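# Tertiary structure, described
Now for the letters of each chain:
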Amino acid sequence: MGNRLNKIYEKAMDNYHGGYIEKALEQCEKGISLNLKDVRLLNLKGMLLYIKGDLKGSIATWQINSHYNNDEISKIYLNDAKKDEENLKLYYLAESDIREFKIDAALEKLEKCRVSDFNSINVNNALSICYLRKGDYLRAMEFNEKSLNINKEGNIALEIKNQINGYLQDPTDEFKSSIKKRAMIIILILILIIAIAIFSIMNIGIKDILFNKNDGL
């Protein structure tokens, strides 16, 4: 039994680190059904639910581990999870802001939410949507990639990625493109400054010539 549970746990961890959250959860459920005293699988299941934003589910899982197995790590997780009730409220308010196109208000709330790992998939998706609506494709890509790194099979994140790709011909080159645009603007400003300086010098020179001629008269 011990060797079988070890293999299940290792497979669950591999899926978790590989960005396959649902497969990792399936492995956890499989192992827990065999032995409710495996603290590793219970803690991992709680963490996976926590990342997905299922606060009640993660707390319930850690409570089983804390009470049934007297696990100290679960007790720490439970104490930390109590603080995330406020983050969950903030996230729901941010969702409402997005629906009402109050993007800056939503961003302010989501920035507070992302301090914690709780609900990180949904928070990153929401941040990506906000920046997509603001036309900031680089930031939208940044948070979209964070979400997909956690959950490669997330339907919402994959849909957002398709939307971003629809706006950009080659999203991987957008950063380089923005740098080139900024460089061109700086060059144009410098050319304009030099042109004004040359014009001013020439203008002063012409005035000096005219005044000198007048003095001669």
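Just above, that's the structure.
These lines cover the structure that appears in this document, whether it is placed above or below.

Conventions used here
Residues numbered from 1 in each chain as written. Predicted model: local features only at pLDDT ≥ 70, side-chain atom pairs only at ≥ 80, totals over all residues. Heavy atoms only, no water. Helix = DSSP H or I, 4+ residues; strand = E, 2+ residues; numbered from the N terminus. Contact = heavy atoms within 4.5 Å. Areas by Shrake-Rupley, 256 points an atom, 1.4 Å probe, with all protein chains shown as cover. Expected span 1.5 Å × (residues − 1). Buried < 20%, exposed > 50% of the residue type's maximum accessible area, 1.4 Å probe, protein only. Arc of directions from axis to C-beta. Phe/Tyr/Trp six-rings, centres within 6.5 Å; stacked < 30°, edge-to-face > 60°. Lys NZ or Arg CZ within 6 Å of the ring centre and 35° of its normal.

Quick look at the overall build of the protein now. From N to C terminus, the protein includes eleven helices and zero strands. Secondary structure elements of the protein, listed N to C terminal, follow the sequence α-α-α-α-α-α-α-α-α-α-α. Counting contacts in the protein only where the partners sit at least 6 residues apart, residues at least 24 apart contribute 55% of the total. By element, 58% of the accessible surface of the protein is carried by carbon and sulfur atoms, the whole surface being about 13700 Å².

A separate point is helix H1 (residues 2-18). Helix length check: H1 (17 residues) gives 24 Å between terminal C-alpha atoms against 24 Å at 1.5 Å per residue, within 8%. Every buried residue of H1 is listed here: Leu5, Ile8, Ala12, Met13 and Asn15. Buried residues along H1 cover an arc of 160° about the axis, so they all sit on one side. Opposite the packed face of H1, turned more than 90 degrees from it, sit the exposed residues Asn3, Lys7, Asp14 and His17.

Attention shifts here to the side chain of Asp97. Its location among the elements puts Asp97 in helix H6 (residues 84-99). Residues contacting Asp97, with those up to four places away along its chain left out, are Lys102, Ala105, Ala106 and Lys109.

Let us look at the packing of aromatic side chains. Across all of its chains, the model carries six aromatic pairs by this definition. Between Tyr50 and Trp62 the ring centres are 5.6 Å apart and the planes differ by 50°, which places this aromatic pair in the tilted class. In this pair, Tyr50 is assigned in helix H3 (residues 39-52) and Trp62 in helix H4 (residues 55-69), connecting sequence segments twelve residues apart. Overall, Trp62 belongs to the buried group, its relative accessible area being 1%. Consider the rings of Trp62 and Tyr77, whose centres lie 4.8 Å apart with planes at 40°: the pair is tilted. Remark: Tyr77 occurs in helix H5 (residues 72-82) and Trp62 occurs in helix H4; sequence separation between them is 15 residues. Members of the aromatic cluster, connected to one another through ring pairs, are Tyr50, Trp62, Tyr77 and Phe118. Sitting over the ring of Tyr68, Lys37 keeps its end group 5.0 Å from the ring centre. Positioned over the ring face of Tyr9 is Arg40, at 4.6 Å from the centre of the ring.

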